[in-house]
Amino acid sequence: MFSYCADPDTLDRLAWLSCYLTTGKHMAFYTSFGTVLLLLAVTAPLALSFGFAAAAGSRSHFFPLKWLSNIYMAIVRGVPDIVFFLFFVIALDQAFEWTRHQVLCPDWDQPIRQGNDFIVCAAAKLPLNSAPEIVHQIYGFGLAVLTFAIVFGAFAGNVLAGAFKAVPHGQIETAEAYGMTKRQTFWRIMVPQMWTYAIPGLSNLWMVLIKATPLLFLLGVEDVVYWARELGNTKTARFTDYPHGDWRVYYFFGLLVFYLLFTKVSEIVLARITRKLSRGQATAAGEAMRKAGATA
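Caption draft 1: Focus on the overall build of the chain. A count of helices and strands for the chain gives 10 helices and two strands. Each helix and strand of the chain, ordered N terminal to C terminal, gives the series α-α-α-α-β-β-α-α-α-α-α-α. For the chain, with 296 residues in total, the buried portion stands at 37%. In the chain, the proportion of contacts linking residues at least 24 apart, taken out of those at least 6 apart, comes to 66%. When the accessible area of the chain is evaluated, it comes to approximately 17,500 Å², of which 64% is carbon and sulfur surface.

Here is the structure:
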């Protein structure tokens, strides 16, 4: 904050606005955009890993693994996302604390479930009550990331399973004719080629993931939606030094611009990835690139 911001009542409009936009709460608002980007950067590869494991498991000849993979993808995709986002955070938190409770407090003689309350010993709490606030924030963010990864991993698994099936069967037969094992065929033939067929579905899933980031607000993380509501709302005691009307429309319009720009950048990057993966492939995009190169 600037030095002349000590007495906001004496400032003209531009000076008042410059002081208002540089308060500590606004700095937290600006930082929350980084929280959204960090969520995407961590969740996307983690969800893709879950999806790849589920897709590969659905092709396994080991029936229990195949069954679990298909059940995971079917159940998660069939239940509204909001239900999983609200359920998994509580379930994961209690599962972690229950496990720590069994290890750290074996002499505990009271039931953990006491009516609607879930009570574990103090040593098993996650995070500990004495932990700094930053630890609580990181723990909450970690639970949110894991929840996002589990949910979107199921959708990614369905996309990748379809991409595996789209790889021409002649490629697999040729690999077998050359004496490749099933493991070699999977990693050397199917996996490199299936990405070409998976990119369109994964691109759509990435866009959906971007749109789902405001759900962080429902998970208790102070994200861009949280701060836009708090900063724009006139009915709050947070900003007694800088009173204003209901400005939520301006803050949420800023979020609209941010998400539209980020979506546009994503489209450009995904289009370049698609072109790179399609080069030389026997797909519609690859054939169009081959014809364009032949006529050039």
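Caption draft 2: Fine view of the nonpolar core. Within the largest apolar cluster, 62 residues are counted, with the highest numbers of intra-cluster contacts made by Phe29, Phe148, Phe152, Phe164 and Met194. Put simply, the parts of the chain that give this core at least two residues each are helix H1 (13-20), helix H2 (24-58), helix H4 (81-104), helix H5 (133-166), helix H7 (182-212), helix H8 (224-232) and helix H9 (248-278). The element best represented in this core is H5, accounting for 16 residues. Sequence-distant contacts of Phe152, defined by excluding residues within four places in its chain, comprise Ala47, Phe85, Leu205, Val208, Leu209 and Ala212.

Caption draft 3: Structural view of a nonpolar patch on the surface. Together, Phe63, Trp67, Leu68, Ile71 and Ile75 give the surface a local cluster of nonpolar side chains, amounting to about 530 Å² of exposed area. Tracing the sequence through the fold places Leu68 in helix H3 (residues 63-78).

Caption draft 4: Just H3, in detail. Taking 1.5 Å per residue as the helical rise, H3 with its 16 residues ought to reach 22 Å, and the 22 Å between its terminal C-alpha atoms agrees with that figure. Of the positions making up H3, those classed as buried are Ser69, Met73 and Val76. When H3 is viewed along its axis, its buried side chains cluster within an angular range of 85 degrees and face the same direction. Seen from the open side of H3, the exposed residues pointing more than 90 degrees away from its buried face are Phe63 and Gly78. Buried residues in H3 make contact with H2, H4 and H5.

Caption draft 5: Fine view of the packing of aromatic side chains. On inspection of all chains with the given rule, the structure shows 16 aromatic pairs. Seen in terms of ring centroids, Phe29 and Phe33 are 5.2 Å apart; in terms of plane orientation they differ by 65 degrees. Their pairing is edge-to-face. A residue pair is termed a helical-turn pair when its members lie 3 or 4 positions apart in one helix, as Phe29 and Phe33 do in helix H2 at four residues. Comparing Phe29 with Phe33 shows no difference in burial state: the two are buried. Taken together, the aromatic side chains of Phe29, Tyr30, Phe33, Trp206, Tyr251, Phe258, Tyr259 and Phe262 make up a single cluster linked through ring pairs.

Caption draft 6: Focus on the environment of Ile199. Note on placement: Ile199 falls in helix H7. Each C-alpha atom of the pair Ile199 and Ile273 lies 8.3 Å from the other, and the pair is 74 residues apart in sequence. Setting aside residues up to four positions removed in sequence, Ile199 forms contacts with Ile273, Thr274 and Leu277.

Caption draft 7: Expanded view of H8. Among the nine residues that make up H8, eight are buried, leaving the element largely enclosed by the rest of the structure. Residues Val224, Val225, Tyr226, Trp227, Ala228, Glu230, Leu231 and Gly232 constitute the buried set of H8. On its buried face, H8 sits against H1, H2 and H9.

Cut-offs used in this document
Residues numbered from 1 in each chain as written. Predicted model: local features only at pLDDT ≥ 70, side-chain atom pairs only at ≥ 80, totals over all residues. Heavy atoms only, no water. Helix = DSSP H or I, 4+ residues; strand = E, 2+ residues; numbered from the N terminus. Buried < 20%, exposed > 50% of the residue type's maximum accessible area, 1.4 Å probe, protein only. Contact = heavy atoms within 4.5 Å. Areas by Shrake-Rupley, 256 points an atom, 1.4 Å probe, with all protein chains shown as cover. Core = buried A, V, L, I, M, F, W, Y, C linked by side-chain atoms within 4.5 Å. Patch = residues over 30% accessible without salt bridge, like charges linked within 9 Å, V, L, I, M, F, W, Y side chains within 5 Å. Salt bridge = Lys/Arg side-chain N within 4 Å of Asp/Glu carboxyl O. Expected span 1.5 Å × (residues − 1). Arc of directions from axis to C-beta. Phe/Tyr/Trp six-rings, centres within 6.5 Å; stacked < 30°, edge-to-face > 60°.

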